[in-house]
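Breakdown of the fold
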Amino acid sequence: MAGRFAFRFETLLRLRKQREDERKRVVAARLRLIGDILQRRNNLLNSITEQTETLRSALRVGEVDVDQVRWGRHWLTHLRRGVLESDAELSGHRAMLAQERATLVQARKDTEVLARLRERRLEAWSAETARREQIESDDMNTLRFAHLSLAESEERS
């Protein structure tokens with residue numbers, strides 16, 4: 001009987017899988033961050049729309065305080081600046097995401113190479129084990145046949 005299958009690079013394979021999982025977590029965290037920024041940007045755009053509509057409705061009504069108009073325009077500028085800042089932040093995070101995805105792809109390739117090597121070694125080990133068991137079985141059958149043949153020839157004599 002053959003022993004148990006042992007892959008010499010099992011530890012390295014486990015380390016590469018851990019590295020790949022770590023890269024996946026980094027990419028997922030970056031995607032969550034981008035989602036949060038997009039949500040904040042959409043909230044700012046909605047606030048701009050609401051503020052613009054509020055100013056327009058105030059202007060339609062009639063008398064408007066100059067300070068109110070000035071404050072409204074100042075607030076719109078502040079909101080638009082927030083949208084521009086989130087756009088810049090988004091582009092930076094998307095660039096980082098592209099780099100992190102590239103490292104994830106490389107980590108996946110590194111892991112896949114060892115996983116395929118392990119599969120090939122396991123298949124070769126299984127084939128070798130089956131071959132040895134077949135040889136052992138053939139030897140046992142040959143011995144049985146020889147023993148039975150010898151016993152028959154002794155009975156005849």
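Throughout what follows, the structure given in this document is the object of discussion. Predicted, not measured: the structure shown is a model, and the values here were computed from it.

Quick notes on the rules
Residues numbered from 1 in each chain as written. Predicted model: local features only at pLDDT ≥ 70, side-chain atom pairs only at ≥ 80, totals over all residues. Heavy atoms only, no water. Helix = DSSP H or I, 4+ residues; strand = E, 2+ residues; numbered from the N terminus. Buried < 20%, exposed > 50% of the residue type's maximum accessible area, 1.4 Å probe, protein only. Contact = heavy atoms within 4.5 Å. Areas by Shrake-Rupley, 256 points an atom, 1.4 Å probe, with all protein chains shown as cover. Lys, Arg positive; Asp, Glu negative; His and termini not counted. Charge placed at Lys NZ, Arg CZ, Asp CG, Glu CD. Salt bridge = Lys/Arg side-chain N within 4 Å of Asp/Glu carboxyl O. Axes fitted to C-alpha atoms, helices over the stretch in contact; angles between N-to-C directions. Parallel < 35°, antiparallel > 145°, perpendicular 65-115°, else oblique. Left-handed = near helix turned anticlockwise from the far one by under 90°. Patch = residues over 30% accessible without salt bridge, like charges linked within 9 Å, V, L, I, M, F, W, Y side chains within 5 Å.

Right, let's get into the overall build of the protein chain. A tally of regular secondary structure across the protein chain gives two helices and zero strands. With the C-alpha coordinates of the protein chain rotated into their principal frame, the extents come out at 135 × 25 × 15 Å. Counting across all 157 residues of the protein chain, residues that qualify as buried make up 19%. Put simply, of all contacts in the protein chain between residues at least 6 apart along the chain, 88% involve residues at least 24 apart. Counting every atom, the protein chain has about 12,200 Å² of accessible surface; 54% of that belongs to carbon and sulfur. One way to put it: in the protein chain the 31 positive side-chain charges average out to a point 7 Å from where the 26 negative ones average out.

To continue, consider the pattern of salt bridges. The full count for this structure, using the stated rule, is 14 salt bridges. For Arg108, the salt bridge goes to Glu112, with nearest N and O atoms at 2.7 Å. Of this pair, Arg108 and Glu112 both sit in helix α2 (residues 66-156), separated by four residues, roughly a single helical turn. Among the ionic pairs, Arg116 bridges to Glu112, the shortest N-O distance being 3.8 Å. Here Arg116 pairs with Glu112, and both are found in helix α2, just four residues apart, close to one helical turn. Arg116 sits in the partly exposed class, given a relative accessible area of 40%.

Where helix α1 (residues 10-61) contacts α2, the axes come no closer than 7 Å and their chain directions differ by 165°. If you check the angle between α1 and α2, you find them roughly antiparallel. With respect to the hand of their crossing, α1 and α2 are arranged in left-handed fashion.

Together, Glu133, Glu136, Asp138 and Asp139 make up a negatively charged patch on the protein surface. Tracing the chain through its elements places Glu136 in helix α2. Taking the relative accessible area as the measure of exposure, Glu136 reaches 41% and is therefore partly exposed.

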